[in-house]
Amino acid sequence: MLLKTFGWSFAITAAGFALAGVLWGWKGLALVAILSVLEISLSFDNAVINAGILRKMNAFWQKMFLTLGILIAVFGMRLVFPVVIVAITAKLGPIEAVDVAINDHHRYEQLVTSAHPAIAAFGGMFLLMIFLDFVFEDRDIRWLGPVERFLAKLGKVEGLSVIVSLVVLIIVATTVATSVPVHGGDGTIDKAATVLLAGVGGLVTYLVVGGISGFFEDRLEEDEDEAEESAPAEKKSGGSVVGLAGKAAFFMFLYLEVIDASFSFDGVIGAFAITNDIFVMALGLGIGAMYIRSLTVFLVRKGTLDDYVYLEHGAHYAIGTLALILLATIKYDVPEVVTGLIGVALIGLSFWSSVARNRKETAAGDGDGSRQEVASGV
């Protein structure tokens, strides 16, 4: 099971390390290894979130997530996306942007860093919406009982997630974003308009992609209910369940890719603290992204989220923290190790709480069984 799920990750790691050693020597190999660990530590909570969505999809789309999805994650977000950002923000042509990325590492780093306020606002708002929609939803299982019960009551207000997100965005734009330090120089610059526009873009992206995914998911559930009630008729007509499942899975896949993009922002920006070589960066972060995807599938196939019920809660609280950190980095320098440790700590606490809950339920079940045996005279 472990080898089957992580086999490709192990193989790509070996090939990637070998390639790094040949192209850049021991120093390049060390940088790729460090970047891989950085990506895994920053995105572990991403795997838990992805698993909660991926388990609703069939085996075909899980395979798509590991194949086409990893191509989008590695080449799209870790290689192409930074170049596109440079082209847009510096108003360069595609060829010139690629030339800068390859031949002028210092200028490339400056251009990507200057685009950070827009990237952080977009990703921060997208992730904040994920967190708020989770905590404002009333659910049977609660990790932080009183807090989550109170938030669920607040969540009955229509559109509260959007309202809170917009308030946060306005506060950030009118305070943090008005005096952003100039990279590589003295003084500050006003990025309020940029942050507002990018933040609204992240919010709209979440509402559009999440809304379409939810629509098709609801349609799929309705169709499945109808299929259960009239199974013979469905078989005769050839059924429309597969078509609806395909649409639902496609938009959930799209939703997963946008989430991954949002999670990758801090990793891509943070990688510049280690190297400004775009190819070393893409290789190291790509290897880490592959492990996150394999871990996602592993969590789904092992049913870990069902066994450790608070993991999803811990991951969402980590997402909320990451969203706020991303927004704070518009002005302030937050070490990537802090972001990674907070995420790991929250997921670790939720795992420990899940284990304690399972032990308590097992003990309660054993106690009930003993009492029944005594009562029956056994």
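The following refers to the structure shown. (Residues numbered from 1 in each chain as written. Predicted model: local features only at pLDDT ≥ 70, side-chain atom pairs only at ≥ 80, totals over all residues. Heavy atoms only, no water.)

Details of the packing of aromatic side chains
We apply this condition: In this scheme Phe, Tyr and Trp rings, the latter by its six-membered ring, pair at centre separations within 6.5 Å, and the angle between planes marks the pair as stacked below 30 degrees, edge-to-face above 60, and tilted otherwise. Only DSSP runs of H or I covering at least 4 residues are called helices, and only runs of E covering at least 2 are called strands; the numbering of each starts at the N terminus. Classification of residues uses two cut-offs on accessible area relative to the type maximum, computed with a 1.4 Å probe and protein chains only: under 20% is buried, over 50% is exposed, and between them is partly exposed. Here, a charge over a ring means that NZ of Lys or CZ of Arg falls within 6 Å of the ring centre while also lying within 35 degrees of the ring normal.
The tally for this structure, following the rule as stated, stands at 9 aromatic pairs. With a centroid separation of 5.8 Å and an interplanar angle of 55°, the aromatic rings of Phe6 and Phe298 are classed as tilted. Taken together, the positions of Phe6 in helix H1 (residues 2-54) and Phe298 in helix H12 (residues 278-302) put the pair 292 residues apart, joining distant regions of the chain. Accessibility assignment for this pair places Phe6 and Phe298 in one class, buried. Ring-pair connections join several aromatic residues into one group, and the members of that group are Phe6, Phe10, Tyr291 and Phe298. Residue placement shows Arg139 over the ring face of Phe134; its charged tip is 3.9 Å from the ring centre.

Observations regarding empty space enclosed by the protein
The following threshold applies: For each structure, a 1 Å grid was placed over the protein atoms alone; sets of points admitting a 1.4 Å probe that cannot get out are labelled cavities, open sets with protein on both sides within 12 Å along at least five of seven lines are labelled pockets, and lining residues have an atom within 4 Å of a point. Grid points are joined across faces, edges and corners, and a volume is the space filled by probe spheres set on the points.
Evaluated as defined, the whole model comprises 1 cavity of 30 Å³ or more. Reported here for the largest cavity is a volume of approximately 60 Å³. Those elements giving two or more residues to the lining of the largest cavity turn out to be H1, helix H14 (311-328) and helix H15 (336-375).

Some words on the pattern of salt bridges
Convention followed: Throughout this description, the term salt bridge denotes a Lys or Arg side-chain nitrogen within 4 Å of a carboxyl oxygen of Asp or Glu.
Evaluation of the coordinates by the stated rule reveals 3 salt bridges. Between Arg142 and Asp138 there is a salt bridge, with its nearest N and O atoms 2.8 Å apart. Across the pair Glu361 and Arg357 runs a salt bridge, and its minimum N-O distance is 3.2 Å. Of this pair, Glu361 and Arg357 are both found in helix H15, 4 residues apart, which corresponds to roughly one turn of the helix. A residue is classified by how much of its surface remains accessible, and Arg357, at 23% relative accessible area, is partly exposed.

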